[in-house]
Number of protein chains: 2
Amino acid sequence: MINERIAQTLERWHEFVAAPDAAILEEILAAEMQFHSPFLWKPKDRNFALTILPTAAQIFENFRYTRKMYSETSATLEFAAEIGTISLQGVDLIEFDNNGKITDFKVMIRPAKGLETLAAEIGKRLMMKSE
Amino acid sequence: MINERIAQTLERWHEFVAAPDAAILEEILAAEMQFHSPFLWKPKDRNFALTILPTAAQIFENFRYTRKMYSETSATLEFAAEIGTISLQGVDLIEFDNNGKITDFKVMIRPAKGLETLAAEIGKRLMMKSE
């Protein structure tokens, strides 16, 4: 259902998830992409995604995709993970352009406790980085 | 991709969303279904879903599905809505049995402010009901 270019991007995305490296994101995120975080309403840009996605990917433990659905130009990837003793689930809702690049990346997470825990961990790591 | 029974259930679900009535849910929710709320980790049962879904559906303003994806036995319905001045988005991740009944219904919502606002509104309405 998805074309070869999108399939390649998804393969690279799964490599990123297995071993977070922003260089992979540089390849697969379109220049004008929008990132919709689970925390804030306002969409963020590519630079934000390049910072936040590797940080989040490093925080999740035992991250695995549990369900995948595709349409011609989009994918819904449902995941489960832990952060310490907290279990959470989420979805990555991804849109692709004609070249298979990611133009839109939206994340939702449940439950509320998982979302809070992730926010706290991201905050800690980004503060440590900037010191 | 989805069979006729699932298509019928989805049609009834969309009728429910347009005019929330628990009688519709009685028809389409399987007896042993599990409901996964955006707030709490622990799955809830059919009775919980019969209470909470009509309440939530009445709270959302301008509710619309913005993206739909299907596999053989599941559907991902992405939505957008407002609660007063707060905008939110979410997904309904739905699984169906062979008879087209809903066996699993999972909801995730973004952003955090939308989730909080929904929790507060549901709390208010359920308290008013029990008085």
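Residues numbered from 1 in each chain as written. Chains lettered and ligands numbered in written order. Predicted model: local features only at pLDDT ≥ 70, side-chain atom pairs only at ≥ 80, totals over all residues. Heavy atoms only, no water.

(A) Structural view of helix H1 (residues 4-18) of chain A. Residues and elements named next belong to chain A. Spanning 15 residues, H1 covers 21 Å between terminal C-alpha atoms, matching the ideal 21 Å at 1.5 Å per step. Where H1 is concerned, the buried positions are Ile6, Thr9, Leu10, Trp13 and Phe16. Axial view of H1: buried residues confined to an arc of 110°, hence all on one face. Those residues of H1 that are exposed and angled more than 90 degrees off the buried face are Glu4, Glu11 and Ala18. Against the buried residues of H1 lie helix H2 (22-28), helix H3 (46-59), strand S2 (61-70), strand S3 (74-83), strand S4 (86-96) and strand S5 (102-110). You can read the cap of H1 off the contacts: a side-chain oxygen lies 3.0 Å from the backbone nitrogen of Arg5, and it is on Asn3. (Helix = DSSP H or I, 4+ residues; strand = E, 2+ residues; numbered from the N terminus. Expected span 1.5 Å × (residues − 1). Buried < 20%, exposed > 50% of the residue type's maximum accessible area, 1.4 Å probe, protein only. Arc of directions from axis to C-beta. Contact = heavy atoms within 4.5 Å. Polar contact = N/O pair within 3.5 Å; in protein donor to acceptor, adjacent residues only side chain to side chain.)

(B) Expanded view of the sheet that holds strand S2 (residues 61-70) of chain B. Residues and elements named next belong to chain B. With respect to topology, five strands assemble into an open sheet ordered S1-S5-S4-S3-S2, the strand pairing being mixed. Pairing within the sheet leaves two strands with one partner each, and these edge strands are strand S1 (29-36) and S2. Within this sheet the neighbouring strands show an average axis-to-axis angle of 20°, counted without direction. Pairing of strand S3 (residues 74-83) with strand S4 (residues 86-96) involves ten bridges; the strand directions are antiparallel. (Pairing = 2+ DSSP bridges. Axes fitted to C-alpha atoms, helices over the stretch in contact; angles between N-to-C directions.)

(C) View of the environment of Gln34 of chain A. All names here are of chain A. Of note, Gln34 is situated in strand S1 (residues 29-36). Of the residues examined, Gln34 reaches a relative accessible area of 36% and is grouped as partly exposed. Along the sequence, Gln34 and Lys44 sit ten residues apart, while their C-alpha atoms lie 5.7 Å from each other. In contact with Gln34, other than residues within four places in its own chain, are Pro43, Lys44, Thr103, Asp104 and Phe105.

(D) View of the sheet that holds S1 of chain A. All names here are of chain A. If you walk across this open sheet you meet the five strands as S1-S5-S4-S3-S2, and the pairing is mixed. For this open sheet the edge positions go to S1 and S2, each flanked by a neighbour on one side alone. Going from strand to strand, the sheet's axes swing by 20° on average, the running direction of each strand aside. Against the sheet, H1 makes contact with S2, S3, S4 and S5, and its axis sits at roughly 165° relative to S2, the strand it touches most.

(E) Quick look at the relation of the copies chain A and chain B. Taken as rigid bodies, chain A and chain B are interconverted by a rotation of 180° and an axial shift of 0.0 Å, the fit giving an RMSD of 0.0 Å. In short, the pair behaves as if placed about a two-fold rotation axis. Scanning chain A for the C-alpha nearest the rotation axis identifies Met108 of chain A, at a separation of 3.0 Å. Residue by residue, 100% of the interface of chain A is reproduced at the interface of chain B, so both copies engage with the same surface. (Least-squares fit on C-alpha atoms with pLDDT ≥ 70 in both.)

(F) Spotlight on the interface of chain A and chain B. Taken together, the contact between chain A and chain B spans 31 residues of the former and 31 residues of the latter. Considering only the surface of chain A that becomes buried against chain B, Trp41, Met69 and Arg110 of chain A emerge as the three largest contributors, covering 30% of it. Our count for the chain A to chain B interface comes out at four salt bridges. In this structure, the connection of chain A to chain B is made through 16 residue pairs in polar contact (both at pLDDT 80 or more). Of all the secondary-structure elements, those providing two or more residues to the side of chain A that touches chain B are S2, S3, S4, S5 and helix H4 (112-130) of chain A. (Buried area = accessible area lost by both parts, 1.4 Å probe. Salt bridge = Lys/Arg side-chain N within 4 Å of Asp/Glu carboxyl O.)

(G) Here's a closer look at unusual backbone geometry. Residues and elements named next belong to chain A. Here the amide bond leading from Arg110 into Pro111 is cis, since omega sits at -10°, within 30 degrees of zero. Along the chain, Pro111 falls in the loop between S5 and H4. Its identity is not glycine, yet Asn62 carries a phi of approximately 55°, on the positive side. Position of Asn62 relative to the elements: it lies in strand S2.

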